[in-house]
Amino acid sequence: MSPPPVQLAVVPRHKDADDATGAPLLRLVPTPKPAPPPVAGPVFRHPPYVRRRKLGEILIDSGAVGPADLARALLAQRSLSCRLGDALVAEAVLAPTDLARALGQQYGMGLADPAPVDCPAADALARKLPVELCLRHKAIPWHRVGGTTLIAIADPAELEALQDRIPADLHPYRFATLPERAIHDRIGAVYGGTLARAAECRVPNALSCRGLNSRRGAAVLALPMVLLLAATFAAPIQTLCLLIFGAIALAAANVFLRLAAFLAHRRTTVPAFVSARSHIRADRSLPRISVVVPLHNEPDIAAPLTRRLSQLDYPRALLEVALVVEAGDTATRDALSTADLPPWMRVIAVPEGQPRTKPRAMNYALPLLSGDVIGIYDAEDAPAPDQLRCIAARFAAAPARVACLQGCLDYYNPTRNWMARCFTIEYAGWFRQMLPGIARLGLVVPLGGTTVFFRRFALEKVGAWDAHNVTEDADLGIRLARMGYRTEIVPTTTLEEANAAPLGWVKQRSRWMKGYLLTWAVHARDPVGLWRDLGSKRFFAFHLQFLGAVINAALAPLLWSLLFLAAGLSHGITAWVPPAGITGIAIGLTALTALNLGLIAAGCHASHHRRLRRWVPTMIAYAPLATLAVAKALFEVVSCPFHWDKTAHGQHGGAAAAATTDIHVLQGALAAGVDRASARASLRQAG
């Protein structure tokens, strides 16, 4: 016997509820068993033994498509294992309304009026079908005519599964077809508030930042600060020395973690991913991929984004791109409305709510997506054309516990200024050395916010994204690891815009540091459970990766103060540490710095990064910016823990200004191993 159907219900917040936001909670409750329809009310039930006309025949007879277009679509249907209608609509051969009309003829029903009745009575009627059923079967009550409820449905093949779950107060009813997008728009209009509240609290309270508050955070931060001040007044020299030795130990631990990742990465010369590339063209086994692109106050970058994503080499019938925009972001929505979006792209408007963050917007969009694989891109991204095929191939070859694939990031403005060069150098080591090494060591992989792909079932099982976490990507990586899933780093590249302004860099990095600190606080609330989920090795590495990164940047000024000794100036440490100890500290710090710079240079091993190696020594001057970012992050943990400091895109010679052909020449250079400057020279010679 199949389990009883369930529906999402909004219940008032009880005084003992586990939701600290005070918002109504969504619970899964059993759907009442439907009563049989009244005899007097005609209900459409197509007998299973009646032969239906083929969809292609109906389309040809109606003149909606020509024989040549139909033949190509039938070939695509067989090679991709997709539906004929999807193949026709994706290639812009058939309008969605014409497809809905033809499906209605095939199943003996009509086409509903695309314009819904906009009145409270129509909304109340639509809400009688639970939102969970509306989303699962892509159907919603449209209006009532002559005592009969007309239910709009996108795919009549869902009739048999839906009919027995329709509540009794919608009887008698009949079905009519409508395009899927129109039904989703109606679901958003009727259930937008419910879905938005669900998006705010998908992650359990014990694993979410929403349980944290600024007062408690202030108290937690104030206690060690008070103890530190008291120790400083009581024994200033001893406190200074202990802090310096702690900073040295923490810096050494971070450098040796980077060294371990480097060695682990070097031990495996040919990733398992490469062997899967031979299956990239096996179109019949390709999954349906839904790509989410969150946009916020980016009207200038919307049109170039659609052009770049159109370069993706993936069957359009199996691709869905959702441009997710806040409902109040009228500038971006207006820009998208004037853009010539292909049929496989659509705009999803997120209702107003709090917190207004990227993860909340993605949580809202997730139930409206149809893909088996969910991917994320940022607004300025230029992914490699074969990237989705590479992702599909690796997921096909990997075991089911590999739930996430993280691609690499590179930058198309690395020589704009010194900061852009350092930013590119830093990320070359992070994505091409550090993250692959961490993954092969079996440690927790802090995900990036873009070019990351998930198996949908795993993403939903862990609760998707934490709407209150400003580093939702890193937090999601931890929750995946705690539930036994693995993350792999795949050698496919997306070009982005390097942050080339000091103020913008500090704002962006402070958000990351704040998110790391909050993520650590959330998962460290239950250290025993965290240890049990991660094991000893990953448990200690987690603390070093998240809390250690913040403390390391915060204590860095103490290490810089030792430069006074090199200049012959006095320093408090000399009162406690003998000259031999000072010499040892100097030698140790010099060795750590040299080792760290050597590992950074090793991360620039790709041909288009080698010219940046001469800038590696200047990373010593780049690092202090992280201390400013930590100071800002600590202040915001107390004052505004959920504030999302948005990174401005298209400000540094980025996607909005760059020529599309130029970006793809650079992308081709990455794939072929050609020097970036040579690629640009070839482009200039070509005219």
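If you're wondering where the values come from, they're calculated on a predicted model, not measured in any experiment.

1. Some points on the packing of helix H10 (residues 236-267) against helix H20 (residues 527-560)
Working step 1: Contact pair H10 / H20: the axes reach a minimum separation of 9 Å and the direction vectors enclose 130°. Between H10 and H20, the crossing angle belongs to the class labelled oblique. The interaxial crossing formed by H10 with H20 has left-handed handedness. Here Leu240, Leu243, Ile244, Ala247, Ile248, Leu250, Ala251, Ala253, Asn254 and Leu257 of H10 lie close against H20, whose contacting residues are Leu544, Gln545, Gly548, Ile551, Asn552, Leu555, Leu558 and Leu559.
Working step 2: Among the residues forming the contact of H10 with H20, the class breakdown is 14 nonpolar, 4 polar and no charged.

2. Some words on the sheet that holds strand E11 (residues 382-383)
Working step 1: Strand order in the open sheet formed by 8 strands is E9-E8-E7-E10-E13-E12-E14-E11, and the pairing between neighbours is mixed. Strand pairing shows two members of the sheet lacking a second neighbour, strand E9 (345-350) and E11, which therefore form its edges.
Working step 2: Running over the sheet, helix H13 (residues 330-338) touches strand E7 (289-295), strand E8 (319-326) and E9 and is turned about 145° from E8.

3. Observations concerning the environment of arginine 202
Working step 1: Mapping arginine 202 onto the fold places it in the loop between helix H8 (180-200) and helix H9 (214-234).
Working step 2: Each residue touching arginine 202, except ones within four places of it in the same chain, is listed here: Asn363, Leu366, Pro367, Glu460, Gly463 and Ala464.

4. Focus: the side chain of arginine 316
Working step 1: Among the structural elements, arginine 316 can be located in the loop between helix H12 (299-309) and E8.
Working step 2: Among buried charged residues, arginine 316 stands out as having no salt bridge; its nearest opposite-charge side chain is glutamate 91, 5.8 Å away.
Working step 3: From its side chain, arginine 316 meets the backbone oxygen of tyrosine 314 in a polar contact 2.9 Å long.

5. Remarks on the pattern of salt bridges
Working step 1: Within this structure, the stated rule accounts for 23 salt bridges.
Working step 2: Put simply, arginine 486 and glutamate 488 hold a salt bridge, and the shortest N to O gap is 2.9 Å.
Working step 3: Residue classification places arginine 486 among the partly exposed positions, given a relative accessible area of 33%.
Working step 4: A relative accessible area of 13% places glutamate 488 in the buried class.
Working step 5: Two residues, lysine 514 and glutamate 636, come together in a salt bridge whose shortest N-O distance is 3.1 Å. Residue lysine 514 is found in helix H19 (residues 502-523), and its partner glutamate 636 is found in helix H24 (residues 625-639); the two are separated by 122 residues along the sequence. The two residues lysine 514 and glutamate 636 agree in class, both being buried.

6. A look at the confidence of the model for the chain
Segments scoring low in pLDDT should not have their predicted coordinates read at a detailed level.
Working step 1: On average, the chain scores 83 in pLDDT, and the residues at 70 or more come to 82%.
Working step 2: Segment residues 269-280 is flagged for pLDDT under 50; beyond a separation of four residues in sequence, or across chains, it makes 15 contacts in the model.
Working step 3: Confidence drops under a pLDDT of 50 for residues 681-687, and excluding neighbours within four residues, the segment shows 2 contacts in the predicted structure.

7. Considerations on unusual backbone geometry
Working step 1: Looking along the chain, the bond that leaves histidine 171 and enters proline 172 is cis, with omega of -10°.
Working step 2: Within the secondary structure, proline 172 is located in the loop between helix H7 (159-163) and strand E6 (173-177).
Working step 3: A positive phi angle, near 50°, is found at lysine 138, a position not held by glycine.
Working step 4: As for its placement among the helices and strands, lysine 138 is situated in the loop between helix H6 (131-137) and strand E4 (139-145).
Working step 5: Of note, threonine 451 is a non-glycine position whose phi angle comes to about 55°, a positive value.
Working step 6: Counting through the fold element by element, threonine 451 comes out in the loop between helix H16 (418-440) and strand E13 (452-455).
Working step 7: With a relative accessible area of 0%, threonine 451 lands in the buried category.

Basis of the calculations
- Each chain carries its own residue numbering, running from 1 in the written order of its sequence.
- Only residues with pLDDT of at least 70 get local features here, since the model is predicted, and only at 80 or more are side-chain atom pairs given and counted; chain-wide, interface and lining totals rely on the full set of residues.
- Water and hydrogen atoms play no part in the side-chain values, which are based on all heavy atoms of the structure.
- To get an axis, a line is fitted to the C-alpha atoms, and for a helix only the part in contact is used. The angle between two axes follows their N-to-C directions and goes from 0 to 180 degrees.
- In this text, helices come from DSSP runs of H or I with a minimum length of four residues, and strands from runs of E with a minimum of two, each type numbered from the N-terminal end.
- Oblique is the label for every angle not falling under 35 degrees (roughly parallel), over 145 degrees (roughly antiparallel), or within 65 to 115 degrees (roughly perpendicular).
- Note on convention: the crossing is left-handed when the near helix lies turned anticlockwise from the far helix by less than a right angle, right-handed when the turn is clockwise.
- Here, two residues are considered to be in contact whenever any of their heavy atoms come within 4.5 Å of each other.
- For this classification, Asp, Glu, Lys and Arg are treated as charged, while Ala, Val, Leu, Ile, Met, Phe, Trp, Tyr, Cys and Pro are nonpolar and the rest, including Gly, are polar.
- Strand pairing is assigned whenever DSSP detects at least two bridges linking the two strands.
- Only protein chains enter the accessibility calculation, which uses a 1.4 Å probe; a residue is then buried when its area is under 20% of its type maximum, exposed when over 50%, and partly exposed in between.
- Charged residues are defined narrowly, with Lys and Arg counted positive, Asp and Glu counted negative, and His plus the chain ends left uncounted.
- A side-chain nitrogen of Lys or Arg and a carboxyl oxygen of Asp or Glu constitute a salt bridge if their distance falls within 4 Å.
- We call two N or O atoms a polar contact when they sit within 3.5 Å, provided that within protein one can donate a hydrogen and the other can accept it, with sequence-adjacent residues counted only if both atoms are side-chain atoms.
- The pLDDT value tells you how sure the predictor is about a given residue, anywhere from 0 up to 100.

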